[in-house]
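Each chain is listed here by its residues.
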Amino acid sequence: MIPYARPSVGDAEIAEVEACLRSGWLSTGPRAQRFERELAASLGVKHALGASSGTAALHLAVLAAGIGPGDEVITTPMTWVSTANVLLHAGARPVFVDIEPGTLNIDCRRIPEAVTPRTKALLPVHFAGQPCDEDALATLAKEHGLLLIEDAAHALGASFRGKPIGTFGDATMFSFHPAKNLTTGEGGALVTDSDAIAARAQRLRFHGIDQNAESRFGGRGAGAYDVVEAGFKYNFTDLQAAIGLHQLARLGEMNARRAQLADQYLAQLADVPHVTPLERASYPHVNAWHLMVVQLELEALTATRDQVISELKEKGVAPGLHFVPLHLQTLYRPMVDDPSKLAVATDAFQRILSLPLYPDMTDADVATVVDALAGVVRRHTRGSASAASRRAGGGAA
Ligand SMILES: Cc1ncc(COP(=O)(O)O)c(C=O)c1O
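Residues numbered from 1 in each chain as written. Predicted model: local features only at pLDDT ≥ 70, side-chain atom pairs only at ≥ 80, totals over all residues.

1. Section: the overall build of the chain
Okay, step 1: Secondary structure summary: the chain contains 11 helices and 13 strands in total.
Okay, step 2: For the chain, whose C-alpha radius of gyration is 22 Å, the value lies close to the compact-globule estimate of 21 Å for 397 residues.
Okay, step 3: Along the longest, intermediate and shortest principal axes, the C-alpha atoms of the chain span 85 × 55 × 35 Å.
Okay, step 4: Every one of the 397 residues in the chain was classed for burial, and the buried ones make up 48%.
Okay, step 5: Sequence separation of 24 or more characterises 72% of the internal contacts of the chain that already satisfy a separation of 6 or more. (Helix = DSSP H or I, 4+ residues; strand = E, 2+ residues; numbered from the N terminus. Rg over C-alpha atoms; globule rule 2.2 N^0.38 Å. Buried ≥ 20, exposed ≤ 12 C-beta atoms within 10 Å, placed from the backbone. Contact = placed C-beta atoms within 7 Å.)

2. A closer look at the sheet that holds strand β6 (residues 159-160)
Okay, step 1: Read from one edge to the other, the open sheet built from 3 strands follows the order β7-β6-β11, with strand pairing classed as antiparallel. Only two strands of the sheet have a single partner each, and these edge strands are β7 (163-164) and β11 (285-286).
Okay, step 2: Where β6 and β11 come together, 2 bridges link them in antiparallel fashion. Opposite F160, over in β11, you have H285 as the bridge partner. (Pairing = 2+ DSSP bridges.)

3. Digging into the nonpolar core
Okay, step 1: Counting residues in hydrophobic clusters, the biggest one holds 114 residues, and the most contacted among them are L60, A61, A65, A121 and L190.
Okay, step 2: Among the elements that line this core, the one with the most residues is helix α7 (residues 238-269), at 10 residues.
Okay, step 3: Of the residues that make up this core, three or more belong to each of domain 1 (11-251) and domain 2 (252-391).
Okay, step 4: Setting aside residues no more than four positions away along its own chain, A121 makes contact with A65, I67, V73, L146, L147, L148 and I149. (Core = buried A, V, L, I, M, F, W, Y, C linked by C-beta atoms within 7 Å. Domains from an automatic or database assignment.)

4. Overview of the sheet that holds strand β12 (residues 292-296)
Okay, step 1: The strand order β10-β12-β13 describes an open sheet built from 3 strands, whose pairing is antiparallel. A strand with exactly one partner marks an edge of an open sheet, and here the two such strands are β10 (275-277) and β13 (352-355). With direction set aside, neighbouring strand axes in the sheet form an average angle of 35°.
Okay, step 2: As paired elements, β12 and β13 share 4 bridges and run antiparallel to each other. Directly across from M292, in β13, lies its bridge partner L355.
Okay, step 3: The sheet contacts of α7 involve β10, β12 and β13, and relative to β10 the element is tilted by about 145°.
Okay, step 4: Across the sheet, helix α8 (residues 305-314) lies against β12 and β13, angled at about 25° from β13, the strand it touches most. (Axes fitted to C-alpha atoms, helices over the stretch in contact; angles between N-to-C directions.)

5. Some points on unusual backbone geometry
Okay, step 1: Here H322 and F323 are connected by a cis peptide whose omega angle stands at 5°.
Okay, step 2: Even without being glycine, W289 reaches a positive phi, approximately 45°.
Okay, step 3: The residue W289 is located in the loop between β11 and β12 in this model.
Okay, step 4: W289 sits in the buried class, given 26 other C-beta atoms within 10 Å.

6. Digging into the site of the ligand
Okay, step 1: If you check the shell around the ligand, you find 14 residues, and the closest are S53, G54, T55, A153 and S175.
Okay, step 2: Here the residues of the shell around the ligand sort into 3 nonpolar, 10 polar and 1 charged. (Near = placed C-beta within 6 Å. Nonpolar A, V, L, I, M, F, W, Y, C, P; charged D, E, K, R; others polar.)

7. Quick word on the domain arrangement of the chain
Okay, step 1: When its domains are assigned, the chain resolves into domain 1 (11-251) and domain 2 (252-391).
Okay, step 2: Here domain 1 and domain 2 have C-alpha centroids that lie 28 Å from each other.
Okay, step 3: Contact residues are listed per partner, giving 31 residues for domain 1 and 31 residues for domain 2.
Okay, step 4: Elements with a minimum of two residues in the side of domain 1 that touches domain 2: β3 (93-96), β6 and α7.
Okay, step 5: Tallied by class, the residues present in the side of domain 1 that touches domain 2 amount to 16 nonpolar, 9 polar and 6 charged.

8. Some points on helix α4 (residues 82-89)
Okay, step 1: Residues of α4 that are buried: S82, T83, A84, V86 and L87.
Okay, step 2: Turning to α4, the residues buried within the fold contact α3 (54-64), β2 (72-75), β3, β4 (119-123) and β5 (147-151).
Okay, step 3: At the exit of α4 stands G91, carrying a positive phi of roughly 85°.

9. Remarks on the environment of A256
Okay, step 1: Mapped onto the secondary structure, A256 falls in helix α7.
Okay, step 2: Of the residues examined, A256 has 13 C-beta atoms within 10 Å and is grouped as partly exposed.
Okay, step 3: In the structure, A256 is positioned 103 residues away from P359 in sequence and 8.4 Å away in space, judged by C-alpha atoms.

10. Re the packing of helix α1 (residues 11-23) against α7
Okay, step 1: At a minimum axis separation of 8 Å, α1 and α7 run at an interaxial angle of 155°. Taken together, α1 and α7 sit at an angle that is classed as roughly antiparallel. Remark: the crossing between α1 and α7 carries right-handed chirality. Taken together, the residues of α7 that come into contact with α1 (itself represented by A12, E13, E16, V17 and C20) are D238, L239, A242, I243, L245, H246 and Q247.
Okay, step 2: Taken together, the residues of the contact of α1 with α7 sort by class into 7 nonpolar, 2 polar and 3 charged. (Parallel < 35°, antiparallel > 145°, perpendicular 65-115°, else oblique. Left-handed = near helix turned anticlockwise from the far one by under 90°.)

11. What to know about the pairing of β2
Okay, step 1: Residues E72 and I74 line one face of β2 and the alternating positions V73 and T75 line the opposite face, and both faces are buried.
Okay, step 2: Bridging between β2 and β3 involves 4 bridges; their strand directions are parallel. Across the sheet, T75 pairs through a bridge with F96, a residue of β3.
Okay, step 3: Note that the unit made of β2, α4 and β3 has a crossover that is right-handed. (Right-handed = clockwise from strand over helix to strand, strands pointing away.)

The following block contains the structure:
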């Protein structure tokens, strides 16, 4: 089976994990600190704080930026549920704005109509690794006095007009889940240039302990500590960093391979009717190519997307589904005033699937996937002999 994603783990990661285990220091320590320094330096940001997951990092970002009860945050429905769940955990309300039909990124032109006096922040997601329009987001944030918190779970290594994703928002989150462009097993990071956001996030990351203040219970270095607010256990460990340090060193190479594979997909999919890859945004950018999402032209097919996925699986290809939009989820449905305003996301959901894309894929794997997809689509093309014979009970063509 060719999976939709697979981590690329080399000997260096394995050796470093072994060294970490032998060092006796498994939790947060020197490797975690080194990873954070190297991540910050690679992006050119002041602070990088590792976290136990991308979700944890985003939760910290939202809280540290001061988002709380009564606040509304504008985001996209086409995302993993973490993006909105962390807002609920902070007591805030997610407000979903529809997406662009081609890129599936948030449609910045629709954001102004969603702004109210309670709106506190914009929370865009760089879907599949393609940057959102950072110029439009910055203008909107400035015009309406909003924070910009970015979910860049898919976008480590992406850039907009030559500047890395991670340098635009008040705070940005990256995920290091095993499917992501860089993995630490599980893990994530918050990056920011704000000393205040970094300091609060650092405190919340570890139980709300203020590590910088003189301890109320004795002198420095005595092991006493002072809890100043109810924080979390979201710290990033040396074991995670042992993997991450070598992933970070190889990120450019791994992302270049993703881009190469994506180019092959685009060239080969051009010959497959009724299958459309995501549109390329018109502004200068570098796509991190986290996911190879395509949309099916269902009007021309006799099969649903789910049927296409299950037939691909029969052929040894296991696509992903990114995402079931949040406004269709049981939890979020009652929070949406007018679902007709999210019609593009609702429609895209019926059409999307994520083709396998990961650095260790071979060129032959891409050809296998495209062949399998072309076969399934041909078989279900309206008016084709095979589709007619299937309708007449003729079985597989
Ligand atoms: C868009 C998006 N946001 C947030 C997350 C959460 O990241 P993590 O799984 O590291 O908690 C993910 C990935 O799972 C994601 O795809």
